[in-house]
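# Breakdown of the fold
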Amino acid sequence: MNKKMTGSNKTKPVFTIGRYFKNKFGEKVYKIPISISGFTCPNIDGTVAKGGCTFCENDSFSPNLQKKKPTFKLHPSKPENPYLNEQLKQLEVQFLATKNKLEKKFGVGKFIVYFQSFTNTYAPMATLKALYERALEFDNVIGLSIGTRTDCVTDEILDYLADLSKDKEIWVEYGIQSFYDITLEEINRGHDCSSMKDWIIKTKQKGLKVCGHLIYGLPNETQEMMMESLRQTLELNIDSIKFHPLYVVKNTMLTKDYKRGNFIPITEELYVDTVVKSIQKLPDNISVQRMTAGIDDPSLLSPMWCKNKHQQMLNIRKALLKVGLYY
Ligand code: SF4
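These lines cover the structure that appears in this document, whether it is placed above or below. What you are looking at is a predicted structure, and each value in this text was computed from that prediction instead of being measured.

A few words on the sheet that holds strand β3 (residues 110–115). Strands sit in the order β2-β3-β4-β5-β6-β7-β9 across an open sheet of seven strands; the sheet is parallel. The open sheet terminates on both sides in strands that have one partner only, identified here as β2 (29–34) and β9 (287–290). Across the sheet, the mean angle separating the axes of adjacent strands is 25° when strand polarity is ignored. Bridging between strand β5 (residues 169–177) and strand β6 (residues 209–216) involves six bridges; their strand directions are parallel. Across the sheet, residue Val172 finds its bridge partner in β6, namely Val210. Sheet strands in contact with helix α3 (residues 84–106) are β2 and β3, and its direction is about 145° off that of β2.

Structure follows, in structure tokens:
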């Protein structure tokens, strides 16, 4: 497959999600991120915790987000959703805007609609079905990718998605972050590692594709711990992975810890080294969807190297080349 030698420089390409899609569909597939108002998260609305993960910028801490409409928030136990038509409109507007840009720049391709913001299975079933099925009707859409938490899926949701996956490419993206309960508690994650494992295993057993998200640089975590979280993630037979450095943005609980000197962000050197070591550990069938993240706006407090994603990518690519890998 993917990690074959390429030419005289003897580097092997990293198995990216782009390569996975190209192999499977014979052409480029673009993920179109969507953010639908009204979705929230049980870790924000008080169902499992309040305030959200310590690094999450949400309306518990951000007056600007609080002012954004709607104030209406979805909850799985409340079947009524007076905002559904507006949400369907948002979905269409966002999808078409990005699709048109991509088509102008790259020509026609295939698309995956990526429900990205907040917890995209945390809503009544009828709302989920309406949004997912509308997304699958758009031209050239071959599937969905749904970002969520392992405590926000049910057998009913997974069975429904498994049914959709008979004809479409359906991915579930789980925020794993760490496989240390002490860390999950520290970041106010609102669930533990063992329930997370159970639901990932179940999702795979139902035949769905899983992308796991890991954060490197979480409070008090050493490189050994980050690599251990990766090891346990890979044991779950997931299909794809995203790596993310922990950075501090304003209006989060982490801001307070950072300002008090209780949280020291990861250095770029350690992050790059950990990501490179992680990629070296990946089996050939697990694709990489993201190696890092950046935020080039004034909300970033630290570390400032996270401001420039382009530079980060150059540094990671350079470090990968040193170990014979090409991204
Ligand atoms: S699970 Fe996601 S949306 Fe919910 S609080 Fe954590 S980061 Fe925010």
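Here we come to α3. Taking 1.5 Å as the rise per residue, α3 with 23 residues should run 33 Å; its terminal C-alpha atoms sit 32 Å apart, in good agreement. Looking at α3, one finds that the buried residues are Gln87, Leu91, Phe95 and Lys99. Here the buried face of α3 lies against β2, β3 and α4 (125–137). One or two steps after α3, the chain reaches Gly107, where phi turns positive at roughly 85°.

We now examine the site of the ligand. Taken together, Cys41, Asn43, Ile44, Gly52, Cys53, Cys56, Asn58, Phe118, Thr119, Arg149 and Gly175 make up the full set of residues near the ligand. Looking at side-chain class alone, the shell around the ligand contains five nonpolar, five polar and one charged residues.

Let us now look at the environment of Phe243. Residue placement: Phe243 occurs in strand β7 (residues 240–245). Assessed through the 23 C-beta atoms surrounding it within 10 Å, Phe243 is described here as buried. In this structure Phe243 touches Leu214, Tyr216, Val275, Ser278, Arg290, Met291 and Thr292, once residues within four positions along its chain are discounted.

Another aspect to go through is the pairing of β5. Here β5 lies mainly inside the structure; seven of its nine residues are buried. Bridge count for strand β4 (residues 141–148) against β5 is six bridges, and the pairing is parallel. In the sheet register, Ser145 faces β5, and the bridge partner there is Trp171. With helix α5 (residues 155–164) bridging β4 and the parallel β5, this β-α-β connection has right-handed handedness.

About the thresholds
Residues numbered from 1 in each chain as written. Predicted model: local features only at pLDDT ≥ 70, side-chain atom pairs only at ≥ 80, totals over all residues. Pairing = 2+ DSSP bridges. Helix = DSSP H or I, 4+ residues; strand = E, 2+ residues; numbered from the N terminus. Axes fitted to C-alpha atoms, helices over the stretch in contact; angles between N-to-C directions. Contact = placed C-beta atoms within 7 Å. Expected span 1.5 Å × (residues − 1). Buried ≥ 20, exposed ≤ 12 C-beta atoms within 10 Å, placed from the backbone. Near = placed C-beta within 6 Å. Nonpolar A, V, L, I, M, F, W, Y, C, P; charged D, E, K, R; others polar. Right-handed = clockwise from strand over helix to strand, strands pointing away.

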